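This is what each chain is made of:
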Amino acid sequence: MLYYSTRDASSSPRMVTAAEAIKEGLAPDGGLYLPETIPALTEADFDALLSMDYPERAAFLLSKYLTDYDPALLLEDCRAAYAPEKFPEPDDPADFGQRPAPLHPLADGITALELWHGPTSAFKDMALQIMPRLLSRALVMTGERRTAQILVATSGDTGKAALEGYRDVEGVAITVFYPTGGVSPMQARQMQTTRGSNVNVVAVRGNFDDAQNGVKRIFADRELAEEADLCGFFFSSANSINWGRLAPQIAYYVSAYLDLVNAGRIRMGDEVNAAVPTGNFGNIFAAYLAREMGVPVKRLICASNRNDVLTDFIQTGVYNREREFYKTVSPSMDILISSNLERLLRVLGGSALTRDLMASLAKTGKYEAPEELMEKIRSAFSGYSLDEAGTLSVIGETWKDEGYLIDPHTAVGLGAVRKYREETGDPLPVILASTASPFKFAAPVSAAIGLEEAEGGLYDGLRRLSSATGRPIPAPLAETETLPLRFERVIDPAGMAGVPFEH
Ligand SMILES: *Cc1c(COP(=O)(O)O)cnc(C)c1O
């Protein structure tokens, strides 16, 4: 299986192996890598997958795409990435299905797919625990002798998830920059207490753009690249546009379907819908790939918060990023450019069109997709958005009616399911991607279920939410209270370029 760039419209496109695609991240023409075909699962594949455990399922599905990787090593990597030390058994007796991504039944045939049992209590762990291992293998397979130095500018969750994924992985090192004015106290604490011998975390005075621009400048600086080369490393990114981050996400949709079959809640072949709280369009594109591989997902419900650029796009065909940006209670979806949408445009609309639409987006901040393409998109996707009040009331109702605590991102997804069902009357079972632990967003969640504002600090708020709901604080969040603070340095943006050389 070879990979091509979404923007390569030449008659014989440049093709690379999976290892090369994962090592490069972004294609040289600025496009994203896609596999030349989407492999179809046979009936025999489904039968075999039914009786596998999660790491086996993940390795089996990855091996359909990463054909240059040794399947035995893929299995070894999946076993290590999804080990019980990283993703412990869920403690809710109502949960069923498989660790690391168990299922929780809700009313009306909706099932929450809990993707947040990993080291940072958010769904990015599902990809970022395995991706560094895939990169480490790719370096060996491509004959790379230098260390990959991962640079991350983060507004919160990605930084910590990347640190946890890359720490102590051979052949890589990681430096994370976060803005002093732009991450939550818990997020800062999580990063400052990170373990590992190949990690570095530095706060940058300013906002997210200052940190992001600093990283972009390092990537663009040729002299720095040469200097790095002399020191035996090269700069690389952990961005969600990397194929190595997207491919592992397919597994949990396939696995959730099989677990529903194994639990007797559906029969093999029955149709379901899937709902995904969406930001960069990575998670929902993985669900789309699972659908194209043969999992009977009829409709993909793309859920957005007040930053509803995708809802508008699906409805009108116009993608317009020139709009007000809102900070919401579901911050990981506060995004105006959903990078992975480019992959869907390419699969359904072809490379020449994709290249033109992306050029238009870069130049004018918007594009209009032709009706023919929109019909294809609408045959698989529906888009809905929820405002802040709607999000909080879904959290409150779900707690009151079902005794199930959800985070604001998941609430946006559940609200979208309700809107979809009201509008269409489609009663099919729904797999709802649950993307973060409610304890990660304890303040708005506490308010939504009617708790008075907590006195005291961050951890008092967590403890109060825990004692009011009987749900335990996830260990990765609780332990940050007592872990030593390893990284407390604050620098000016001008000092960022020197930091990667400190390793
Ligand atoms: C990153 C994130 C999302 C958005 O996922 P995309 O793949 O970017 O669409 C949703 N919820 C949470 C909690 C996240 O961290």
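Here the residue index of a chain counts from 1 through its sequence in written order. Totals for whole chains, interfaces and linings use every residue, but because this is a predicted model, local features are given only for residues with pLDDT of at least 70 and side-chain atom pairs only at 80 or more, for both listing and counting. For side-chain calculations, the full set of non-hydrogen atoms in the structure is used, while hydrogens and water are omitted.

A. Broad picture of the environment of Glu502. Inspection of the secondary structure puts Glu502 in the segment after β15 (490-491). Sequence separation between Glu502 and Met141 is 361 residues, and the spatial gap between their C-alpha atoms is 27 Å. Any two residues whose heavy atoms approach within 4.5 Å at even a single point are treated as in contact. Other than its neighbours up to four places away in sequence, Glu502 contacts Asn200 and Arg489. The helix and strand labels rest on DSSP assignments: H or I over at least four residues marks a helix, E over at least two residues marks a strand, and numbering proceeds from the N terminus.

B. Quick peek at the sheet that holds strand β5 (residues 147-153). Only strands that DSSP links by at least two bridges are regarded as paired with each other. One open sheet accounts for 5 strands, arranged β8-β5-β6-β7-β15; its pairing is parallel. Here the strands that pair on one side only, and so sit at the sheet edges, are β8 (233-236) and β15. Two elements, β5 and β8, share 4 bridges in a ladder whose sense is parallel. Residue pairing in the sheet places Thr147 in a bridge with Phe233 of β8. Against the sheet, helix α9 (residues 208-220) contacts β5, β6 (172-179) and β8, and its axis sits at roughly 155° relative to β5. Angles shown run from 0 to 180 degrees and are taken between the N-to-C directions of axes, each axis being a line fitted to C-alpha atoms and, for helices, limited to the stretch in contact.

C. The site of the ligand, seen in detail. Taken together, 14 residues lie around the ligand, and Lys124, Gly279, Asn280, Asn283 and Thr435 are the ones closest in. Here a polar contact means two N or O atoms within 3.5 Å. Within protein one must be a hydrogen donor candidate and the other an acceptor candidate, and residues neighboring in sequence count only if both atoms are side-chain atoms. With respect to the ligand, the side chain of Lys124 contributes an N or O atom lying 2.5 Å from an oxygen atom. Take Ser332: an N or O atom from its side chain is 3.4 Å from an oxygen atom of the ligand. Within the complex, the protein chains bury 96% of what would otherwise be the 390 Å² of accessible surface of the ligand. Gly is put with the polar residues, along with every residue not named as nonpolar or charged; the nonpolar set is Ala, Val, Leu, Ile, Met, Phe, Trp, Tyr, Cys and Pro, and the charged set is Asp, Glu, Lys and Arg. Of the residues belonging to the shell around the ligand, the class tally is 5 nonpolar, 8 polar and 1 charged. Nearness here has a simple test: a residue counts as near a molecule or strand if at least one of its heavy atoms is within 4 Å of that partner. Here the Shrake-Rupley method, with its probe set to 1.4 Å, supplies the accessible areas, and only the displayed protein chains count as covering residues.

D. Geometry of unusual backbone geometry. Cis geometry is found at the peptide bond from Arg99 to Pro100, where omega equals 10°. Looking at where Pro100 falls in the secondary structure, it is placed in the loop between α4 (71-81) and β3 (103-105). One non-glycine residue, Asp108, lies in the positive phi region at around 65°. Among the structural elements, Asp108 can be located in the loop between β3 and β4 (110-114). When a residue's accessible area, from a 1.4 Å probe over protein chains only, is under 20% of the maximum for its type it is buried; when over 50% it is exposed; and in between it is partly exposed. Residue classification places Asp108 among the exposed positions, given a relative accessible area of 59%. Even without being glycine, Asp168 reaches a positive phi, approximately 60°. When you line up the elements, Asp168 lands in the loop between α7 (157-166) and β6.

E. A look at the nonpolar core. In this structure, Leu66, Tyr166, Phe313 and Phe381 are the most contacted members of the largest nonpolar core, which totals 114 residues. If you tally residues by element for this core, the top one is helix α11 (residues 243-262), at 13 residues. The contacts of Phe381, once residues within four sequence positions are left out, are Phe281, Ile284, Tyr288, Arg299, Leu300, Ile314 and Leu344. Buried Ala, Val, Leu, Ile, Met, Phe, Trp, Tyr and Cys residues that are joined via side-chain atoms within 4.5 Å together make up what is termed a nonpolar core. Within the second largest apolar cluster, 36 residues are counted, among which are Val412, Leu414, Phe441 and Leu462.

F. The arrangement of the pattern of salt bridges in detail. Salt bridge, as used here, is a side-chain nitrogen of Lys or Arg placed within 4 Å of a carboxyl oxygen of Asp or Glu. Taken as a whole and assessed by the stated rule, the structure comprises 30 salt bridges. One salt bridge in this structure joins Lys440 and Asp157, with 3.3 Å as the shortest N-O distance. With a gap of 283 residues between them, Lys440 in the loop between β14 (430-434) and α19 (442-448) and Asp157 in helix α7 connect regions that are remote in the sequence. According to the relative accessible area criterion, Lys440 is buried, its value standing at 10%. Overall, the relative accessible area of 11% leaves Asp157 in the buried class. Note that Arg291 and Glu292 form a salt bridge whose closest N and O atoms lie 3.1 Å from each other. In the salt-bridge network here, residues are joined through shared partners; they are Lys23, Glu144, Arg146 and Asp229.

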